[in-house]
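Summary of structural features
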Amino acid sequence: MPYKIGLVGKPSVGKSTFFNAATMDEIDEADYPFTTIDPNVGEAYVRVECAAPDFDEECDPRVGFCIDGMRYVPVQLVDVAGLIPGAHEGKGLGNQFLTDLNEADVLIHIVDFSGTTDIEGEPTDGHDPREDIDFLGHELDMWYLEILGKGIERFQNKRRQHEVRIEEELAEQMSAFQTNKNEIKSTILSLGIGLEPDDWSEEDRLELARTIRKATKPMIIAANKMDTELAQEHYETVMNDPDYEHLSIVPCSAHAEKALKRAAEQGVVEYAPGEPDFEITGDISAGQEDGLEQIRAFMDAYSGTGVQRALETALFDKLGVIAVFPGGAEGLGDKHGNILPDCFLLPGQATAEDFAYHIHTDIGEGFLHAIDVREQRQIGADHELAHRDVVEIVSSN
Ligand SMILES: Nc1nc2c(ncn2[C@@H]2O[C@H](COP(=O)(O)OP(=O)(O)O)[C@@H](O)[C@H]2O)c(=O)[nH]1
Ligand SMILES: [Mg+2]
């Protein structure tokens, strides 16, 4: 399963623009006649510095692509429309919405920093983006709180019949969040509220819901519409507010990214997504040039459009994912001579054996040892891999 990044936020903040910008690529969809077209799910990419140049080689990616030594590795992007204030009470919520939210490994909260849309997404001015940041956290907490409440009820009903454990009932109720009883138990204990839910106050419940939410649904913020002066002013204010210091906030312009990708498609600019600059290569009108130069000025100030950076901050920094290249110690090519065709995304704690299982169950089951190809040294099953490692698995299968 590829990693899934979910875009959330109230209406009109730029979710669809961000989604379109991030999922536009040169691959013609007609080449894949059998893929189901789901308008909310698309393929985006995260950048990983390619390992091939470290070995004086050029890679042949099987999926994604490589531009000037930068690998673009596919991830899934989901536009989770419909998160509005009161969503936890069922406002604007559909089943699809909850499925999308459940399936996302990490969220990017798109916030309109220009302050020109109110909390419902209607036009206004002077709206404080901090209100949006607070509301979304609150909505998610309330949603978790409700599920937590159901888990507690389930525990209380069952224990009339036989002995049950609170962490087991909560883990069962919260299974969609990919948590487990051990994690839940240690969370409860770390909050110091004890394992008897009858003793929990409303405040304890909320604190528990919030802690589980933050652990199971990590989130960063994309400060969008940063190509406008109003957004830039709000950004300064928020960055100087100590209450918001603990958040990962990436300044971004979905609009600029989309405009550049479109211009690149038309062959009038050369732009590698995520780079801080681009080159005008075709004949363009004075108006178009003006627009592009404004985008360039914005990118100069914020080191790029921020769309790629938001995706990569979410996946690598927030979720702690690492990228690992399978490669042979005697040569980086596969049996067809393709150099480093794969680059896999794995959880940060992944070991050499986990990596073997990720490639194929058979390879995992036959795991003998692995080789760190850069260091040319043997590593064992429990060896934790690092970002950009090149690893050969030696397996009896
Ligand atoms: N200035 C500016 N406008 C943007 C940006 N991203 C989106 N918009 C505009 O915001 C409005 C809402 O965008 P949309 O993507 O439909 O928002 P959604 O409802 O969250 O999916 C549209 O008019 C977009 O053109 C941006 O980065 N900068
Ligand atoms: Mg939309």
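Description of the structure in this document. Here the structure is a predicted model, which is why all the values come from computation and not from measurement.

**A short note on the pattern of salt bridges**
Proximity of charged atoms lets side chains of opposite charge pair with each other. In the structure shown here, the tally under the stated rule is 20 salt bridges. Note that arginine 47 is salt-bridged to glutamate 312, the shortest N-O span being 2.9 Å. Linking arginine 47 in strand 2 (residues 41-49) with glutamate 312 in helix 10 (residues 307-318), this pair joins segments that are 265 residues apart in sequence. The exposure classification of arginine 47 matches that of glutamate 312, with both residues buried. Among the ionic pairs, aspartate 277 bridges to arginine 296, the shortest N-O distance being 2.8 Å. Of this pair, aspartate 277 sits in the loop between strand 8 (269-270) and strand 9 (279-280) while arginine 296 sits in helix 9 (residues 286-302), placing them 19 residues apart in sequence.

**Topic: the sheet that holds strand 10 (residues 322-326)**
Pairing within the open sheet is mixed, and its 5 strands lie in the order 11-10-14-12-13. With one partner strand each, in any of the chains shown, strand 11 (344-346) and strand 13 (377-379) form the two edges of the open sheet. Sheet twist, expressed as the mean angle between neighbouring strand axes with direction ignored, is 40°. Taken together, the 3 bridges between strand 10 and strand 14 (residues 389-395) define a ladder with parallel strand orientation. Each residue of the ladder has a partner; that of phenylalanine 325, found in strand 14, is valine 390. Running over the sheet, helix 11 (residues 352-359) touches strand 10, strand 11, strand 12 (367-372), strand 13 and strand 14 and is turned about 130° from strand 11.

**Some points on helix 5 (residues 181-191)**
The complete set of buried residues in helix 5 reads Ile184, Thr187 and Ile188. Buried residues in helix 5, looked at end-on, bunch into an arc of 95°, giving them a common side. Residues of helix 5 that are exposed and angled more than 90 degrees away from the buried face: Asn182 and Ser190. Where helix 5 is buried, its residues meet helix 4 (166-173) and helix 6 (202-216). Measuring from the side-chain oxygen of the N-cap residue of helix 5 to the backbone nitrogen of asparagine 182 gives 3.1 Å; that N-cap residue is asparagine 180.

Thresholds applied
- Each chain has its residues counted from 1, following the order in which its sequence is written.
- Written order determines the labels here, with chains lettered from A and ligands numbered from 1.
- Reporting of local features is limited, given that this is a predicted model, to residues whose pLDDT is at least 70; pairs of side-chain atoms are given and counted only at 80 or more, and all residues count toward the totals for whole chains, interfaces and linings.
- As a rule here, side-chain values come from all non-hydrogen atoms in the structure, and water together with hydrogens is ignored.
- Counted as salt bridges are all cases of a side-chain nitrogen of Lys or Arg within 4 Å of a carboxyl oxygen of Asp or Glu.
- Working definition: helices are DSSP H or I runs of at least four residues, strands are E runs of at least two. Numbering for both runs from the N terminus.
- Remark: exposure states derive from per-residue accessible area (1.4 Å probe, protein chains only) relative to the maximum for the residue type, with buried under 20%, exposed over 50%, and partly exposed in between.
- Strand pairing is defined by DSSP finding a minimum of two bridges between the two strands.
- Angular values range over 0 to 180 degrees, each being the angle between N-to-C directions of two axes fitted as lines to C-alpha atoms, with helices fitted over their stretch in contact.
- The contact criterion used is simple: two residues touch if any of their non-hydrogen atoms lie within 4.5 Å.
- Of all possible arcs, the one meant is that of the directions from the helix axis to the C-beta atoms.
- A 3.5 Å cut-off defines polar contacts: any pair of N or O atoms within that distance qualifies, except that in protein one atom must be a possible hydrogen donor and the other a possible acceptor, and neighbouring residues in sequence count only when both atoms are side-chain atoms.

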